[in-house]
Amino acid sequence: MTSNRVEHGGAAHTSSRKALDHFVLEIADDALVLGHRLSEWCGHGPTIEEDIALSNISLDHLGQAQCLYELLVENDANYGSADKLAFFRDSFEFRNCILVEQENGDFAQTIVRQVYFSAYYYFLYEQLSSCPISLLSDFAAKARKEVSYHLRHAGEWILRLGDGTTESKARAQAAIVQLWPFVEELLAPSEAASILIAESQVFEPSTVSSAYKQYLETLLSEATLEVPSSTAASPLNGRQLKHSEHLSQLLSVMQSTARAHPDALW
Amino acid sequence: MVEGHFGRTTRIRAMSEEQRTKDFLSRIDAKETIEPKEWMPERYREQLVRMMSQHAHSEIVGMLPEGNWITRAPSLRRKIALIAKVQDEAGHGHYIYSAVETLGVSREEVYRKLLDGSAKYSHIFNYPTTSWADIGMIGWLVDGAAIINQTMLARCSYGPYARAMLRICKEENFHKKQGMEIVSRLCRGTAAQKAMAQESFDRWWWPTLMMFGLPDEKSKNTAELMQFGIKLRSNDELRQRFIDMNVKQAQEFGLTIPDPDLYFDEDSGHWQIGPIPWEEFFEVLKGNGPCNRERLDAKIRAHEEGRWVREAASAFAEKRAKRRAKQ
Ligand SMILES: [Fe+2]
Ligand SMILES: [Fe+2]
């Protein structure tokens, strides 16, 4: 992947440079945390095929995170390394959304979380892939293919669960309601995104948001499920570094080996 | 082809059981490959179902001890490689279950026997993974042992099993390479990393030697399996190959082999090991290993918790099929 062609050196650009870094970290941290969560399913899935599918999605996300962290390090050596970003930051330095740090719960919760997440990125990457910042557009073009597979996979499961048995429908509907408060955070542009939008029109949030809502409505109605009516968003916000308890718990596991041996190479 | 096959079937029907078996064994001796639709002695089928089921279960249960470190892998690269590896093992299990089905037993039936404890899987997966170094040791030693076994099975007399092994071996070689890379890193690393590697090696060395099964004179299945061309080498032969290969490798890593009796026998050109602690092996096989209960419980839990998901999937498939039929 080529480096960012838009100039971000010089004092005048420090704020936009920081915004770009933060925006990239938001995407990368989302991918890392969700990739980690999905990997917790490995060996415990409802079927072997699904075990393999969830691992695949996990691998895509972890690969995305690694790629973005490396781009950050390439542009600014102060970040140290991709592993330093993943394993040696504290939870209050992570910029991932609250949705991805939510625990796996039952299979319905994992699938609903994936649909909420992948649908957003599907429409975001669609726009980012033609944005003027090449670092973002190059990455988005590649990641979009992966995300569209994730969305198709999770979307198919929504149909099966919604239109499957009474139990699966109830579980799917419960997950839809439970995770809904975390969707708003995805759709509302973060501070970093707002700066990039104002300066370089990287994407149009209202377009992403309306495409997202339309997609969900269509999918859920086909699955005979209901879009939640409540709009109360969670007071937590990962983009503002206000996390739930889940993230620090997740990190304490994920980072334990690396931090026990800070000087080691693996 | 169809006529030829039919012709042989009719001819075989007219033969006595004894004559059929004799013919079958001469095909085995002639290194012919046996395919699913062909006549085979009931014993041959039973032995294959037993062995292939055990093998498939081992792939699936084997995901657990390694999966235990996915969430704590120390770098992104290692984390990604480990998930991919464990995912490969799921694929191996899946593939071998399909191969067992060619013998007329359903995958569900085979899997149920794992869950109710009546089918076995490799005893090695009943040992705990207590440090990151274990991930390296499993790749190097456990996958390494599996490769020796599977390379032989890739030339076994039953076509579907042989083909499955051929495909799987390629991935196992990659797993072994990754495992050795992890061990090599640890052995060249900090004092704590080296200690971690040695501690782990001390725990895995003897159990991996037991993976090849009991000594030839005590193995009740070996003779028959060799007669059927399912096994081409005896347990002790395979074990010796593994020892010769890995004593040298351990020395290159700078690891100490936990066997005070180990020596190189100039006459035979082989490394000779001290007595294998078989009592431990029998205990693990009996279900008294360190993690037997945990492993089975984890698979039972996943199966139970996944039940409603599988039911939803089949209910949906039925509804969809009905809707399509109406259109
Ligand atoms: Fe395998
Ligand atoms: Fe393997």
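## Focus: the pattern of salt bridges
Stage number 1. Within the structure shown, the criterion is met by 31 salt bridges over all chains.
Stage number 2. Between A:Glu40 and A:Arg37 there is a salt bridge; the shortest N-O distance is 3.0 Å.
Stage number 3. According to the relative accessible area criterion, A:Arg37 is buried, its value standing at 5%.
Stage number 4. Note that B:Glu46 and B:Arg43 form a salt bridge whose closest N and O atoms lie 3.0 Å from each other. Of the two residues, B:Glu46 and B:Arg43 are both situated in helix 3 (residues 42–61); the distance of three residues between them amounts to about one turn of the helix.
Stage number 5. In this structure B:Glu46 comes out as partly exposed when scored by relative accessible area, which is 36%.
Stage number 6. Bridged by salt links that share partners, the residues B:Glu66, B:Lys85, B:Glu89 and B:Asp143 form one connected network.

## As for the nonpolar core
Stage number 1. Within the largest apolar cluster, 188 residues are counted, with the highest numbers of intra-cluster contacts made by A:Tyr69 and A:Leu128.
Stage number 2. Residue contributions to this core peak at 14 residues, all from helix 5 (residues 107–128) of chain A.

## Some thoughts on the coordination of the iron ion (ligand 2)
Residues and elements named next belong to chain B.
Stage number 1. Distances from the iron ion (ligand 2) to its protein donors, namely Glu89 (OE), Asp143 (OD), Glu172 (OE) and His175 (ND1), fall within the range 1.9 to 2.2 Å.
Stage number 2. Given four donor atoms and angles of 90 to 147 degrees at the metal, the environment of the iron ion (ligand 2) is assigned as irregular.
Stage number 3. Each donor residue of the iron ion (ligand 2) belongs to the same chain, and together they define the spacing E-x53-D-x28-E-x2-H.
Stage number 4. Between the iron ion (ligand 2) and the iron ion (ligand 1) the interatomic distance comes to 3.5 Å, and glutamate 89 is a ligand of both metals. Of this pair, aspartate 143 sits in helix 7 (residues 133–153) while histidine 175 is found in helix 8 (residues 159–187), placing the two residues 32 residues apart along the sequence. Accessibility assignment for this pair places aspartate 143 and histidine 175 in one class, buried.

## A closer look at the interface of chain B and chain A
Stage number 1. With 46 residues of chain B at the contact, the number on the chain A side is 49 residues.
Stage number 2. Buried surface at the junction of chain B and chain A, both sides included, amounts to about 3900 Å², of which 70% is carbon and sulfur.
Stage number 3. Considering only the side of chain B, the residues that lose the most area to chain A are B:Leu76, B:Gln87 and B:Trp308, jointly responsible for 20% of the buried surface there.
Stage number 4. Where chain B meets chain A, there are three salt bridges.

## What about the coordination of the iron ion (ligand 1)?
Stage number 1. The iron ion (ligand 1) binds to the protein through B:Glu59 (OE), B:Glu89 (OE), B:His92 (ND1) and B:Glu172 (OE), with metal-donor distances spanning 2.0 to 2.2 Å.
Stage number 2. Considered as a linear motif, the donors of the iron ion (ligand 1) on their single chain read E-x29-E-x2-H-x79-E.

## Some words on helix 7 of chain B
Residues and elements named next belong to chain B.
Stage number 1. Its 21 residues give helix 7 an end-to-end C-alpha distance of 29 Å, which sits within 8% of 30 Å, the value for a rise of 1.5 Å per residue.
Stage number 2. Its axis deflected by about 30 degrees at glycine 139, helix 7 carries its strongest bend there.
Stage number 3. Of all 21 residues that make up helix 7, 19 are buried, and the element is covered over most of its length.

Cut-offs applied
- Residues numbered from 1 in each chain as written.
- Chains lettered and ligands numbered in written order.
- Predicted model: local features only at pLDDT ≥ 70, side-chain atom pairs only at ≥ 80, totals over all residues.
- Heavy atoms only, no water.
- Salt bridge = Lys/Arg side-chain N within 4 Å of Asp/Glu carboxyl O.
- Buried < 20%, exposed > 50% of the residue type's maximum accessible area, 1.4 Å probe, protein only.
- Helix = DSSP H or I, 4+ residues; strand = E, 2+ residues; numbered from the N terminus.
- Core = buried A, V, L, I, M, F, W, Y, C linked by side-chain atoms within 4.5 Å.
- Donors = N, O, S within 2.8 Å, 3.2 Å for Na, K, Ca; no water.
- Tetrahedral: all angles 85-135°; square planar, octahedral: opposite > 155°, others 65-115°.
- Contact = heavy atoms within 4.5 Å.
- Buried area = accessible area lost by both parts, 1.4 Å probe.
- Expected span 1.5 Å × (residues − 1).
- Bend = angle between axes of the 7 residues up to and from the residue.

So far we have only geometry, and geometry alone does not tell us how the molecule works.
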